[in-house]
Amino acid sequence: MIPPVSTSAFYAICSEAAGVAGNLFALGLFISPIPTFKRIAKNRSTEQFSGLPYVYSLLNCLICFWYGLPCVAHGVILIATVNSIGAIFQLVYVVLFIKYADKTNKLKMAGLLILVFCAFVLIICVSLELFDNGRRQMFVGYLNVASLISMFASPLFIINLVIRTRSVEFMPFYLSLSTFLMSISFFAYGMLKHDFFVYMPNGIGTILGVIQLLLYAYYSRKSREDCRLPLLVSCE
């Protein structure tokens, strides 16, 4: 006979499952720039692409990675695992961008990369030297929240563009879906772990993800209707 699962054990299983799901969905986001960098490598030029999003994403991943470690926050190690993988991906993208950029952008991106690592080292030193365990979690946690909210706010520009152009051309469906699934998974993970610094920013990310998916459904349908309209007119 299988012994009954206690409530605490059930919560633990659910929280770990949500964290693992978040890791898997985040992987979809991490690999999404690969086609862009295949094009950059093929043309041996960064063309009009910007490297800033990858530098910023690297800093974001490093801060979240630091927050997820046991020396800062307890019980949210899956935050550290996903962001360690994310940091590796973003670092590779930045290095490739530097390799194929022109001289001006090469120096600019190299300087920003150094600045990111200096900022990360400074955050580590300050959090370890100036704060005890409880305050350290709060210090890094608020940095984590600020970083994630600013990252999740970036789709607001895309949402504005979609509404303005009435087109979903610049809002890929699978990228929006991956963002939503990752956010809701880590929102659940944070809620089950009772970690405000995880569930609050991912809750905002979930709401923005829902808005993107609704806009995609609305404007893609409108686009199909507009495409069919001339056919209906010609039939008359």
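Residues numbered from 1 in each chain as written. Predicted model: local features only at pLDDT ≥ 70, side-chain atom pairs only at ≥ 80, totals over all residues. Heavy atoms only, no water.

J.: Kindly report on the overall build of the protein, identifying the contributing residues and their values.
T.: A count of helical and extended segments in the protein gives 9 helices and 0 strands. The helix and strand sequence of the protein, counted from the amino end, reads α-α-α-α-α-α-α-α-α. Relative to its 236 residues, the protein shows a buried fraction of 37%. Restricting to contacts in the protein with at least 6 residues of sequence separation, those with at least 24 account for 75%. As displayed, the protein has an accessible area near 13600 Å², and 71% of this comes from carbon and sulfur atoms. (Helix = DSSP H or I, 4+ residues; strand = E, 2+ residues; numbered from the N terminus. Buried < 20%, exposed > 50% of the residue type's maximum accessible area, 1.4 Å probe, protein only. Contact = heavy atoms within 4.5 Å. Areas by Shrake-Rupley, 256 points an atom, 1.4 Å probe, with all protein chains shown as cover.)

J.: Before we move on, could you go through a nonpolar patch on the surface and cite the residues and values that matter?
T.: Taken together, Leu27, Ile31, Ile34 and Ile85 make up a surface patch of nonpolar side chains, about 290 Å² in accessible area. By secondary structure assignment, the location of Leu27 is in helix 1 (residues 7–31). (Patch = residues over 30% accessible without salt bridge, like charges linked within 9 Å, V, L, I, M, F, W, Y side chains within 5 Å. Salt bridge = Lys/Arg side-chain N within 4 Å of Asp/Glu carboxyl O.)

J.: Lay out the UniProt feature "transmembrane region" (unreviewed entry) in the protein in plain terms, naming residues and giving numbers.
T.: Per the UniProt entry, the sites bearing "transmembrane region" (unreviewed entry) are residues 6–31, 51–69, 75–98, 110–130, 142–163, 170–190 and 196–219 in this numbering. Taken end to end, residues 75–98 comprises 92% helix and 0% strand; its first and last C-alpha atoms sit 37 Å apart. The span residues 110–130 is 100% helix and 0% strand, and its two end C-alpha atoms sit 30 Å from each other. (UniProt positions renumbered as here; feature names shortened; annotations may be inferred.)

J.: Describe the nonpolar core, listing the residues and the values that go with them.
T.: One finds Trp66, Tyr67, Ile79, Val94 and Tyr189 to be the most contacted residues of the largest nonpolar core, which totals 45 residues. Broken down by element, the residue count for this core peaks at 10 residues, all from helix 4 (residues 77–100). Setting aside its immediate chain neighbours within four residues, Tyr67 contacts Val72, Ala73, Val76, Gln137, Val140, Gly141, Asn144, Asp195, Phe197 and Val198. Judged by nonpolar contacts, the second largest core, of 6 residues, contains Ile159, Val162, Val168 and Met171. (Core = buried A, V, L, I, M, F, W, Y, C linked by side-chain atoms within 4.5 Å.)

J.: Explain the confidence of the model for the protein to me, using residue names and the numbers behind them.
T.: Mean pLDDT for the protein: 86, with 89% of residues reaching 70 or above. Contacts from residues 231–236, a stretch scored under 50 in pLDDT, to residues over four places away or in other chains number 0 contacts. (pLDDT = per-residue confidence, 0-100.)

J.: Break down helix 3 (residues 52–68) for me, with residues and values.
T.: Look at helix 3: 24 Å from first C-alpha to last across 17 residues, which is about the 24 Å you get at 1.5 Å a residue. Most of helix 3 is tucked away, with 12 of its 17 residues classed as buried. (Expected span 1.5 Å × (residues − 1).)

J.: Which residues make up the packing of aromatic side chains, and what values go with them?
T.: Using the criterion set out here, one finds 12 aromatic pairs in the structure. For the pair Phe186 and Tyr189, a centre-to-centre distance of 6.1 Å together with 80° between the ring planes defines the contact as edge-to-face. Taken together, the positions of Phe186 and Tyr189, both in helix 8 (residues 173–192) and 3 residues apart, correspond to about one turn of that helix. In this structure, Phe186 and Tyr189 share a single accessibility class: buried. Ring geometry for Phe196 versus Tyr199: centroids 5.8 Å apart, planes at 85°, classification edge-to-face. With Phe196 and Tyr199 both in helix 9 (residues 196–235), this residue pair falls 3 residues apart, about one helical turn. A relative accessible area of 33% places Phe196 in the partly exposed class. (Phe/Tyr/Trp six-rings, centres within 6.5 Å; stacked < 30°, edge-to-face > 60°.)

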